[in-house]
Amino acid sequence: MGNDMKKIKLDIVGLSYSQTQSGAYALVLGEVSGRRRLPIIIGSFEAQAIAIEIEKMTPSRPLTHDLFKSLGEAYNIKIQEIVIYNLVDGIFYSKLICTDGKKVVEIDARTSDAIAVAVRFDCPIYTFEFILSTAGIVIEGNDFVYLENINETKEEKNATTSAAGGFSSLSVDELKTKLQEALAEESYEKAAKIRDELNKRKAS
């Protein structure tokens, strides 16, 4: 399967309001042994469920994920790890690797739910190399670099404005500058959008 399927451990490095979708949040996961960041858009309910556990706040009544944990513990089921195993059309797919001590079962979950469960069971979060290399954003020291080296060809500044987040009218150089700015502000999600636009240019 090659290096693509190499499992990479992630940590939660940030949770902030989404810059591109109102009412949504950007959950930023970071490579434990590297500089890449993986921004994932999640709903406010899931964001709250993750934040409450990270901040160790105790809700008056158990949330869905707390209920899930209590149920698991009552029947002696442990979550060994969470794996973000696929990325299709911008949607991340995740699964819980569970065990009752005898058999191991994989259960599909939305990524936001999987992370909310991971923080409660205190279990590791993994993804695969192909997902990080597709959707990750690299941080190099104080320098932010774009994951795949963009061909340094200056493209004609043919200003074709479209609804692609206003980025399509920019030249490659302008996009790169915008990408640096977005990363400097830790606007990982905006950076991901700019990166997608740069990828489109490369493909065309």
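About the cut-offs
Within every chain, residues take consecutive numbers counted from 1 along the sequence as written. Totals for whole chains, interfaces and linings use every residue, but because this is a predicted model, local features are given only for residues with pLDDT of at least 70 and side-chain atom pairs only at 80 or more, for both listing and counting. Calculated side-chain values reflect all of the structure's heavy atoms, with hydrogen atoms and water omitted. By nonpolar core we mean a set of buried residues, namely Ala, Val, Leu, Ile, Met, Phe, Trp, Tyr and Cys, connected to one another through side-chain atoms within 4.5 Å. Remark: exposure states derive from per-residue accessible area (1.4 Å probe, protein chains only) relative to the maximum for the residue type, with buried under 20%, exposed over 50%, and partly exposed in between. Labels follow the DSSP assignment, with helices taken as runs of H or I lasting at least four residues and strands as runs of E lasting at least two, numbered in each case from the N terminus. A contact between two residues is defined here by any heavy atoms of the two lying within 4.5 Å. In this analysis, rings of Phe, Tyr and Trp, with Trp reduced to its six-membered ring, are considered paired at centre separations within 6.5 Å, and the interplanar angle assigns stacked below 30 degrees, edge-to-face beyond 60, and tilted for intermediate values. In this scheme, Lys NZ or Arg CZ marks a charge over a ring once it lies within 6 Å of the ring centre and within 35 degrees of the ring normal.

An unreviewed UniProt entry annotates the protein chain as BFN domain-containing protein of Mucilaginibacter xinganensis.

S.K.: How should the nonpolar core be read in this particular structure?
M.R.: The nonpolar side chains of a soluble globular protein tend to be buried, and buried together. Core analysis: the largest hydrophobic core is formed by 30 residues, its most contacted members being Leu29, Leu38, Ile79, Ile82 and Ile84. Going through the elements one at a time, strand S1 (7-17), strand S2 (24-31), strand S3 (36-43), helix H1 (44-54), strand S4 (78-88), strand S5 (91-99), helix H3 (111-121) and helix H4 (129-135) are the ones with two or more residues in this core. In terms of residue count, the dominant contributor to this core is H3 (six residues). With residues up to four places along the chain from it excluded, the contact list for isoleucine 79 reads Phe68, Leu96, Ile97, Cys98, Val117, Phe121 and Cys123. In this structure, Ile137, Leu175, Leu179 and Ile194 belong to the second largest nonpolar core, which totals 15 residues.

S.K.: Any chance you could explain the packing of aromatic side chains here in plain terms?
M.R.: In this description, a pair of aromatic rings is defined by centroid distance and the angle of the planes. Summed over the entire model, instances satisfying the criterion amount to four aromatic pairs. On the numbers, 6.3 Å between centres and 10° between planes, the contact of phenylalanine 128 with phenylalanine 130 is stacked. The class for phenylalanine 128 is buried, based on a relative accessible area of 12%. Seen from the ring of tyrosine 126, lysine 7 lies directly overhead, with NZ or CZ sitting 4.5 Å from the centre. For the cation-ring pair, lysine 95 lies above tyrosine 85, with the distance from its terminal atom to the ring centre recorded as 4.7 Å.

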